[in-house]
Amino acid sequence: MAKADSNQLAKSSPFKAWGINHLRTLIASLGVMTRQPASSFMTIAVIAIALALPAGMFVLLNNASNVSVGWDNSAQISVFLKHDVTENQANKLMDKLRLYEDVNKISMINKQQALKEFKKISGFGNAIESLGDNPLPHVLTIQPVVDAKRPDKIRHLLKQLNKQKQVELAQLDLQWVKRLFAMLEIAQRAIWVIASLLGIAVLLVVGNTIRLDIQNRREEIEVTKLIGGTDAFIRRPFLYTGLWYGIGGGLFAWLLTSLSIGLLDNSVEHLASLYNSGFQLKGLSFTEGLNLIAFSCFLGLFGSWIAVGRHLSEIEPS
Amino acid sequence: MIRFDNVSKRYPGGHEALSNVSFHLPRGEMAYLTGHSGAGKSTLLKLIALIERPSRGNLVLDGVNLSSVSNRKIPYIRRNIGIIFQNHHLLYDRTVFDNVALPLIIAGYQHKEIGKRVRASLDQVGLLNKEKSAPITLSGGEQQRVGIARAIVHKPGLLLADEPTGNLDPELSKEIMQLFARFNDVGVTVLIASHDLKLIKEMGSPVVSLNKGLLSHNDLDLTNHG
Ligand SMILES: Nc1ncnc2c1ncn2[C@@H]1O[C@H](COP(=O)(O)OP(=O)(O)O)[C@@H](O)[C@H]1O
Ligand SMILES: [Mg+2]
């Protein structure tokens, strides 16, 4: 029996055999799926819908962020300094703040200059002079860097400004920008929660499909074990089936997202034209699409891996 | 090749299917395993194929003590055994060719080599013209022969058959047994479980008999340590 296989040379080299086996299984598992097109398609469709939903929301959020980037210049932070801060100290603070990465532009409204202007504009010159002391503080105006994808950054900058000991109050002039950013932040988190839940749903769908697949192929698994198929060999087709579900689901999800965005685009364009804006909806970029497919592949593979781990060992020849 | 040394097998539930069985089947020999239904024939074959494990005693296959074989190693032991079942265990969702090719695919043979070997194997069982057929379209005897072709296609050193003629008429049964004898002629060790005493007598190979799990008759020389 030691020389059972007199013709060892006919066997491929171990590495080549491994490659051949994988390729063979990859194609065979696709073949098995196409033999039951209806049920395979349903699984793929469920995966696609579950992934297209968060992907679509992600695209819309991205677009909303892009719209708000146009308000870059209109967002301005006014920093009112304390009364006893001298011009020299104010200049020093300005130099310091200029170095912050979230600060785009910074300038100072000197309090003497402000008072002069105020007098000129208001016509209350005499009344104000009778106050004696200049009631106005030095004010720094800051144009922050606006990154709509990181709305928390502006909030963070405001907090930092308010912490400076020379600062009486720093406030974002446009409350509505603040609110919008807060909303975008909430939406972003919501999408992550929804995406996570739907991701788990995809895992369960793939896992269940593979579990049924394993049950249907019980006989084949038993026979394969009996004639010396290793666990890895038996596991492989199911893992590849999961991978194909992932690929199919991801591609289909990309298609669904693009179609939905396409349907919305006309009405959005119409709306934008009413505001004299050339704004256009942007769909998933190529990289984002590939990421979607990669994520879907991961879910398919992981889902089948779980199912295989749980159910394959239950089947032993008897 | 196969050495049983005081082997007992107790199934969960307490039934002792084999009790203190000892015998030795030398390499290149062919023997029949007989006994009434429930005597423990299938159990004995399952122990050799590592489908079941002994409760007591030692079982040595080709110099390897099977109790020392881990579950991970089982597939590699089985690749040197051709197993034939009464109920064929064919896969009905693929052709005869694909059924017979399975052991070669598992072992990672090249495509061309697989074709050659599968046809040689089908030729030996007289089914060369059926390679593209679905197993379900074949007669019982033909299906059994496909099972045999699958068991020998990778040229194992040992053939185990459990009631291979169970469902066949006497004429076909004899043909199948003669087929096994031909494999034995080229050096394959063969052990066949069967309760067809009349046929076994005709074939004239050594017989090992079980009775309620006990060895009741043994033509194989226990002292032969070949
Ligand atoms: N998996 C099992 N669990 C419990 N008892 C079993 C099992 N397999 C076989 N047996 C019992 O072991 C005895 C021997 O069975 P078996 O080896 O199949 O006999 P034979 O093949 O000679 O008919 C029988 O009494 C049978 O009921
Ligand atoms: Mg039996």
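Residues numbered from 1 in each chain as written. Chains lettered and ligands numbered in written order. Predicted model: local features only at pLDDT ≥ 70, side-chain atom pairs only at ≥ 80, totals over all residues. Heavy atoms only, no water.

Before going further, it helps to examine the overall build of chain B. Tallying secondary structure elements over chain B gives seven helices and ten strands in all. For chain B, the C-alpha radius of gyration of 17 Å lies close to 17 Å, the compact-globule estimate for 226 residues. Seen through its principal axes, chain B has C-alpha atoms that stretch 45 × 40 × 35 Å. Counting the 226 residues in chain B, one finds 54% classified as buried. Total accessible area on chain B is roughly 9900 Å²; 50% of this is exposed by carbon and sulfur atoms. Of note, chain B has its 27 positive side-chain charges centred 7 Å away from the centre of its 21 negative side-chain charges. (Helix = DSSP H or I, 4+ residues; strand = E, 2+ residues; numbered from the N terminus. Rg over C-alpha atoms; globule rule 2.2 N^0.38 Å. Buried < 20%, exposed > 50% of the residue type's maximum accessible area, 1.4 Å probe, protein only. Areas by Shrake-Rupley, 256 points an atom, 1.4 Å probe, with all protein chains shown as cover. Lys, Arg positive; Asp, Glu negative; His and termini not counted. Charge placed at Lys NZ, Arg CZ, Asp CG, Glu CD.)

Residues and elements named next belong to chain A. Overall, antiparallel pairing links the four strands, which are arranged β2-β3-β1-β4 in an open sheet. Pairing within the sheet leaves two strands with one partner each, and these edge strands are β2 (103–109) and β4 (167–172). Pairwise comparison of adjacent strand axes, ignoring direction, gives a mean angle of 20° for this sheet. One ladder, built from four bridges, connects strand β1 (residues 77–81) with strand β3 (residues 139–144); its direction is antiparallel. Within the sheet, the bridge partner assigned to F80 lies in β3 and is V139. (Pairing = 2+ DSSP bridges. Axes fitted to C-alpha atoms, helices over the stretch in contact; angles between N-to-C directions.)

It is worth spelling out the site of ligand 1 at this point. All names here are of chain B. Around ligand 1 sit Y11, H15, A17, H36, S37, G38, A39, G40, K41, S42 and T43, and that is every residue in its neighbourhood. For ligand 1, an oxygen atom lies 3.0 Å from a polar atom in the side chain of H15. Backbone polar atom of G40 to an oxygen atom of ligand 1: 3.0 Å apart, as the coordinates give it. Relative to its free-state accessible area of 560 Å², ligand 1 is covered by the protein chains to the extent of 64%. Across the shell around ligand 1, the residue classes tally to three nonpolar, seven polar and one charged. (Near = heavy atom within 4 Å. Polar contact = N/O pair within 3.5 Å; in protein donor to acceptor, adjacent residues only side chain to side chain. Nonpolar A, V, L, I, M, F, W, Y, C, P; charged D, E, K, R; others polar.)

Burial within helix α8 (residues 218–226) of chain A is extensive, with seven of its nine residues counted as buried. Those residues of α8(A) that fall on the buried side of the exposure criterion are A:E220, A:I221, A:E222, A:V223, A:T224, A:K225 and A:L226.

A:I210 and A:I214 are the most contacted members of the largest nonpolar core, which totals 39 residues. When contributions to this core are tallied by element, the ones reaching two or more residues are α2 (37–69), α7 (175–216), α8, α9 (231–274) and α10 (286–311) of chain A together with α3 (96–107) of chain B. Top element by residues in this core is α9(A). It accounts for nine residues. Counting 37 residues, the second-largest nonpolar core is a separate cluster that includes B:I84, B:I152, B:F183 and B:V188. (Core = buried A, V, L, I, M, F, W, Y, C linked by side-chain atoms within 4.5 Å.)

Once that is clear, we can look at unusual backbone geometry. Residues and elements named next belong to chain B. Even without glycine at this site, E163 takes up a positive phi of about 50°. In this structure, E163 sits in the loop between β7 (158–162) and α6 (170–185). In the Ramachandran plot, K212 falls in the positive-phi region, its phi being about 50° despite a non-glycine side chain.

Take the pairing of strand β3 (residues 30–35) of chain B next. Residues and elements named next belong to chain B. Of all six residues in β3, six are buried; the element is thus mostly enclosed. Judged from the four bridges that link them, β3 and strand β8 (residues 189–193) form a sheet pairing that is parallel. If you follow A31 over to β8, its bridge partner there is L191.

Time to look at the confidence of the model for chain B. Scored by pLDDT, chain B comes out at a mean of 92, with 97% of its residues at no less than 70. Reported for the predicted complex are a pTM of 0.73 and an ipTM of 0.90. (pLDDT = per-residue confidence, 0-100.)

Domains assigned within chain A are domain 1 (24–69 + 180–314) and domain 2 (77–171). Between the C-alpha centres of domain 1 of chain A and domain 2 of chain A there is a distance of 51 Å. (Domains from an automatic or database assignment.)

What follows concerns the interface of chain A and chain B. At the junction of the two partners, chain A supplies 28 residues and chain B supplies 35 residues. Taken together, both faces of the contact between chain A and chain B bury some 2700 Å²; the carbon and sulfur share is 56%. For the pair chain A and chain B, the interface holds one salt bridge. Summed over the shared surface of chain A and chain B, the result is four residue pairs in polar contact (both at pLDDT 80 or more). Looking at the side of chain A that touches chain B, the elements with two or more residues in it are α1 (14–35) and α8 of chain A. Residues belonging to the side of chain A that touches chain B are distributed by class as follows: eleven nonpolar, eight polar and nine charged. (Contact = heavy atoms within 4.5 Å. Buried area = accessible area lost by both parts, 1.4 Å probe. Salt bridge = Lys/Arg side-chain N within 4 Å of Asp/Glu carboxyl O.)

With respect to the helices and strands, B:F85 occurs in the loop between β6 (81–84) and α3. By relative accessible area, which is 14% here, B:F85 ends up buried. The sequence separation of B:F85 and B:P75 amounts to ten residues, and the corresponding C-alpha distance is 18 Å. Ignoring any residue separated from it by four or fewer positions in sequence, one finds B:F85 in contact with A:L226, B:Q144, B:R150 and B:D162.

Take the sheet that holds strand β9 (residues 207–211) of chain B next. Residue and element names in this part refer to chain B. Within the open sheet, the six strands sit side by side as β6-β7-β8-β3-β9-β10. Their pairing is mixed. Of all the strands in the sheet, the pair left with one neighbour each is β6 and β10 (214–218). In this sheet, neighbouring strand axes are inclined to one another by 20° on average, regardless of whether the strands run parallel or antiparallel. As judged from the four bridges shared by β6 and β7, these two strands associate in the parallel manner. Across the sheet, the residue bridging to I83 is L160, located in β7. Sitting on the sheet, α6 touches β3, β6, β7 and β8, and the angle it makes with β3 is about 140°.

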